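Chain residues, written in single-letter form:
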Amino acid sequence: ENVFEVEKMLRYYESQSRIVLTQDDPTSFDIGRCCELYKKVLRGCMGVTCSHDYGHVVRISSSIMDFVSWRNDQFLTSEAKRAQTNDITDLYCDIACLVGKVVLNHHEKQMALTEVFNRASQFFNQSHGEKTSSAFATVDKAALIGAIRLAVEGSFDDATTESFIGLFDSPERHPKRRTKSSRRSGKPQ
């Protein structure tokens, strides 16, 4: 009901999680449980109907993506190895659908959805069947593009929708594989 309070509680949860995770073994973190919490929060946000709460919803989505990215960075710098990665496609698809619902301005919607895609790109599988550069989690690029398509459905005419969606599948948009040393220096390999 009060989205501001949800946002505040989520930020508190994440700050406490960051403290605990910097002191613990990075492999001990259960992303599945965390994603379930995030999915419930996002599901609740889908019920928001007051436009004055839309900013909170966008910040909640951004906060979730920030935490998952931070968690991935922590995992990569820990030298930890995991037998399997976690599929977090649903989380990013839910965020895309939510952003599509609450961001009403067409240009802002395009920018917000592009940001969701860009933030998820670190978890995409590389071409030719290679594993993702993240040992922590994966996101199915095709499924995310499908969710983005649904998020803009009815917002744009068909030509604009196809042009916008086409941006995500262009060769320039494929993420470059980054190693731990290139992450620190900020340069793709």
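Each remark here, short or long, concerns the structure printed above.
Residues numbered from 1 in each chain as written. Predicted model: local features only at pLDDT ≥ 70, side-chain atom pairs only at ≥ 80, totals over all residues. Heavy atoms only, no water.

Here we take up the nonpolar core. Core analysis: the biggest nonpolar cluster contains 49 residues, and Ile88, Tyr92, Leu144 and Ile148 have the highest contact counts within it. Sorting the residues of this core by element identifies helix H1 (3-23), helix H2 (31-45), helix H3 (54-77), helix H4 (89-102), helix H5 (106-120), helix H6 (141-152) and helix H7 (158-168) as the ones contributing at least two each. Counting residues per element, this core draws most heavily on H3, at nine residues. Every residue in contact with Tyr92, bar those within four places of it in the chain, is listed here: Met65, Val68, Ser69, Val116, Arg119, Ala120, Phe123, Val139 and Leu144. (Core = buried A, V, L, I, M, F, W, Y, C linked by side-chain atoms within 4.5 Å. Buried < 20%, exposed > 50% of the residue type's maximum accessible area, 1.4 Å probe, protein only. Helix = DSSP H or I, 4+ residues; strand = E, 2+ residues; numbered from the N terminus. Contact = heavy atoms within 4.5 Å.)

The next point concerns the packing of H5 against H6. A pair of packed helices is captured by two measures, namely the crossing angle of their axes and the spacing between those axes. Look at H5 against H6: their axes get within 11 Å of each other, and the N-to-C directions meet at 170 degrees. It follows that H5 is roughly antiparallel to H6 by the angle criterion. Crossing handedness for the pair H5 and H6: right-handed. Between H5 and H6, the contacting residues are Lys109, Leu113, Val116, Phe117 and Ala120 on the first element and Lys141, Leu144, Ile145, Ile148, Ala151 and Val152 on the second. (Axes fitted to C-alpha atoms, helices over the stretch in contact; angles between N-to-C directions. Parallel < 35°, antiparallel > 145°, perpendicular 65-115°, else oblique. Left-handed = near helix turned anticlockwise from the far one by under 90°.)

As a further point, take the state of the cysteines. The tally for this structure, following the rule as stated, stands at zero disulfides. With no disulfide of its own, Cys35 lies closest to Cys34 among cysteine sulfurs, the gap being 5.8 Å. Residue classification places Cys35 among the buried residues on the basis of a relative accessible area of 7%. (Disulfide = S-S within 2.5 Å.)

Our focus in this paragraph is the side chain of Lys109. Relative to the helices and strands, Lys109 resides in helix H5. Buried charged residue Lys109 carries no salt bridge. Nearest counter-charge: Glu108, at 9.9 Å. One polar contact links the side chain of Lys109 to the main-chain carbonyl oxygen of Val103, over a distance of 3.4 Å. Leave out the neighbours within four places in its chain, and Lys109 touches Gly100, Val103, Ala151, Val152, Ser155 and Phe156. (Lys, Arg positive; Asp, Glu negative; His and termini not counted. Salt bridge = Lys/Arg side-chain N within 4 Å of Asp/Glu carboxyl O. Polar contact = N/O pair within 3.5 Å; in protein donor to acceptor, adjacent residues only side chain to side chain.)

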